[in-house]
Amino acid sequence: MPGTMEREERDKFLEYLNQKRMPFQSYRFVQDENGRMKQLGEGGFAIVFEGAGRNVDAVRAIKVIGFQAANTDSHDVEQFEKEVRLQSNLARECIHVVQIDDANSLFVKFNEEGDIEDMIYADQNAPAPENYRLFQFILMEKLKPVFYLNKNGQPLILPQPLNTFSEQEILKFARDIADALEAAHKKNIVHRDVKLENTFIEERTGTYKLGDFGIARVTENGKASTKAGTRGNIAPEAEAEYGYDGLKADIYSYGIMLYLLLNHLKYPGSETYKMAREVQYNPHKPLPLPKRGSEELQALVMKACGFYAADR
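For every chain, the first residue of the written sequence is number 1, and numbering continues from 1 onward in sequence order. A pLDDT threshold of at least 70 governs which residues receive local features in this predicted model, and a stricter bar of 80 or more applies before side-chain atom pairs are shown or counted, although totals over entire chains, interfaces and linings include all residues. Calculation of side-chain values draws on the structure's entire complement of heavy atoms; hydrogens and water are dropped beforehand.

(A) How the structure looks around the overall build of the chain. Strands are runs of DSSP state E lasting at least two residues, helices are runs of H or I lasting at least four, and both sets are numbered from the N terminus onward. Counting its regular elements, the chain contains eight helices and 16 strands. Our radius of gyration looks at C-alpha atoms and nothing else; its globule reference is 2.2 Å times the residue count to the power 0.38. On C-alpha atoms alone, the chain measures out to a radius of gyration of 20 Å, which is about the 20 Å that the 2.2 N^0.38 rule sets for 312 residues. Oriented by its inertia axes, the alpha-carbon framework of the chain measures out at about 60 × 40 × 35 Å. For each residue, the accessible area found with a 1.4 Å probe, counting protein chains only, is set against the maximum for its type, and the residue is called buried under 20%, exposed over 50%, and partly exposed in between. Considering the chain as a whole, with its 312 residues, one finds that 48% of them fall into the buried category. Contacts in the chain between residues at least 24 apart in sequence constitute 63% of all its contacts with a sequence separation of at least 6. Positive residues here are Lys and Arg, negative ones are Asp and Glu, while His and the chain termini are left out of the count. Charge coordinates come from a single atom per side chain, which is NZ of Lys, CZ of Arg, CG of Asp or CD of Glu. Separation of charge centres in the chain, based on 40 positive and 47 negative side chains, amounts to 3 Å. We call two residues in contact when some of their heavy atoms are within 4.5 Å.

Below you can see the structure in the form of structure tokens.
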């Protein structure tokens, strides 16, 4: 069974799925002009590819989880389905949440040469078959990412109005993502990974959307008990406490996201897209103001980034 799969192995696997009309009967993975699977983005746990309708003129994105590390845990199927339902339901109520059309989990068996011997759709109520590897797929609307790191690790903002620092556009971005968070928080859903990397824009309408609810959780009165998220975006109390206010922790992450837009994509007290812990998580010293933005916008962002949850 292969570990982390290289691009050629991934392409071969996805082409095999295309031939079998899997994991989605009506959609296939798209190849680029070089015959490679058309990749749209890549994160720590997933790779996103372009998808197209087999019989209809429709373009989608297909997120694939499972290339980076072998997984055989059937319990992950149940959690995965919960996460997908959570985001799907939110997207029906709020246009600022990325829409999900369908999702599937597959157990795949490889031989010693790395060739596929068998594939079965995963059932959360059935134990994982022995020597099978779990892959998970999410079919969703295709959107343009707001942010990405280039090959040199340089952070870049893609939508032109945000990239050229239009305060009006930053306010629109802030309102749209706030609407998504409000929809989640009304249901006591904590996102736990609010960051630029998880925001997208629908270019036709200019609508910004929040996605990747993969580690989101439904909480009791917004209380969270486990550390989760991305370094530099996690609220101070989420790193040190149990039973913290997850909703307020999301607000902190939201504030840091806006701070980055106003500060040339540099974390507070840092000269790079890497946090300066001694500045950002210092309860005795307020964060430096971001380099750009009106006083009103800066004040909003600084309040959201308050060290203490009660101040946000």
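(B) The arrangement of the packing of helix α6 (residues 246-262) against helix α8 (residues 295-304) in detail. α8 packs onto α6 with a crossing angle of 140 degrees between their chain directions and a minimal axis gap of 7 Å. By the angle between their axes, α6 is oblique relative to α8. Judged by the sense of rotation from one axis to the other, the crossing of α6 with α8 is left-handed. Packed against α6, whose contacting residues are Ile251, Tyr252, Gly255, Leu258, Tyr259 and Leu262, the element α8 presents Leu297, Leu300, Val301, Met302 and Ala304 at the interface. Across the contact of α6 with α8, the residue classes tally to 10 nonpolar, one polar and no charged. Axis lines are fitted through C-alpha atoms, for helices just across the contact stretch, and the angle between N-to-C directions can take any value from 0 to 180 degrees. In this scheme, roughly parallel covers angles under 35 degrees and roughly antiparallel covers those over 145, while 65 to 115 is roughly perpendicular and the rest are oblique. Note: crossing handedness is left-handed where the near helix turns anticlockwise from the far helix by less than a right angle, and right-handed where it turns clockwise. In the scheme used here, Gly and all other residues not listed as nonpolar or charged are polar, with Ala, Val, Leu, Ile, Met, Phe, Trp, Tyr, Cys and Pro taken as nonpolar and Asp, Glu, Lys and Arg as charged.

(C) Examining α6 more closely. Expected helix span is computed as 1.5 Å times (number of residues minus one). The end-to-end C-alpha distance of α6 is 25 Å, a good match for the 24 Å that 17 residues give at a rise of 1.5 Å each. Most of α6 is tucked away: 15 of the 17 residues are buried. Whenever a nitrogen or oxygen atom comes within 3.5 Å of another N or O atom, the pair is scored as a polar contact, on the condition that within protein one atom can donate a hydrogen and the other can accept it, and that pairs from neighbouring residues in sequence are kept only if both atoms are in side chains. One side-chain oxygen at the N-terminal end of α6 lies 3.0 Å from the backbone nitrogen of Leu247; it belongs to Asp245. Of the residues one or two after α6, His264 is the one with positive phi, at around 55 degrees.

(D) Inspection of the sheet that holds strand β8 (residues 144-145) at higher detail. For two strands to be treated as a pair, DSSP must find at least two bridges joining them. One open sheet holds the three strands; their spatial order is β8-β12-β13, and the pairing between them is antiparallel. The sheet terminates laterally at β8 and β13 (207-210), the two strands that pair on one side only. As judged from the four bridges shared by strand β12 (residues 199-202) and β13, these two strands associate in the antiparallel manner. Residue Glu202 lies in a different strand from β13, and its bridge partner there is Thr207. Along the sheet, helix α4 (residues 167-185) makes contact with β12 and β13, crossing β13 at roughly 40 degrees.

(E) Examining the nonpolar core more closely. The term nonpolar core refers to a set of buried residues drawn from Ala, Val, Leu, Ile, Met, Phe, Trp, Tyr and Cys, joined through side-chain atoms within 4.5 Å. With 50 residues, the main nonpolar core has Leu90, Ile157, Phe173, Leu196, Phe213 and Tyr254 as its most contacted residues. Sorting the residues of this core by element identifies α2 (75-93), α4, β13, α6 and α8 as the ones contributing at least two each. Looking at this core element by element, the count peaks at 10 residues for α6. Listed in part, the 22 residues of the second largest apolar core include Phe13, Phe24, Ile62 and Phe135.

(F) Spatial organisation of the pattern of salt bridges. Any Lys or Arg side-chain nitrogen located within 4 Å of an Asp or Glu carboxyl oxygen qualifies as a salt bridge. Inspection of the entire model under this criterion finds 16 salt bridges. The closest approach of N and O atoms between Asp11 and Arg36, which form a salt bridge, is 2.7 Å. With Asp11 in helix α1 (residues 7-19) and Arg36 in the loop between β1 (27-29) and β2 (39-42), this residue pair connects regions lying 25 residues apart in the sequence. With relative accessibility at 10%, the residue Asp11 sits in the buried group. For Arg36, a relative accessible area of 26% puts it in the partly exposed group. Here Lys12 and Asp115 are joined by a salt bridge, their closest N and O atoms 2.9 Å apart.

(G) Here's a closer look at the pairing of strand β4 (residues 59-65). Where strand β3 (residues 46-53) lies against β4, seven bridges are found, and the strand directions are antiparallel. The residue bridging Val48 from the neighbouring strand is Lys63, located in β4. Between the antiparallel neighbours β3 and β4 lie five residues. Inspection of the sheet shows β4 paired to strand β7 (residues 133-141) by six bridges, in the antiparallel sense. Residue pairing in the sheet places Ile65 in a bridge with Gln136 of β7.

(H) Region of the structure containing the packing of aromatic side chains. Between the rings of Phe, Tyr and Trp (Trp by its six-membered ring), a pair exists once the centres lie within 6.5 Å; its type follows the angle of the planes, with under 30 degrees stacked, over 60 edge-to-face, and the other angles tilted. What the rule picks out here adds up to 11 aromatic pairs. On the basis of an interplanar angle of 80 degrees and a centroid distance of 6.2 Å, the ring pair of Phe49 and Phe67 is categorised as edge-to-face. Placement of Phe49 in strand β3 and of Phe67 in the loop between β4 and α2 is noted, with a sequence separation of 18 residues between them. We classify Phe49 as buried; its relative accessible area is 1%.

(I) Structural context of unusual backbone geometry. A cis geometry characterises the amide bond from Met22 onward to Pro23, with omega recorded as 0 degrees. Position of Pro23 among the secondary structure elements: in the loop between α1 and β1. Of note, the phi angle at Phe165 is positive, near 55 degrees, even though the residue is not glycine. Position of Phe165 relative to the elements: it lies in the loop between α3 (160-163) and α4.

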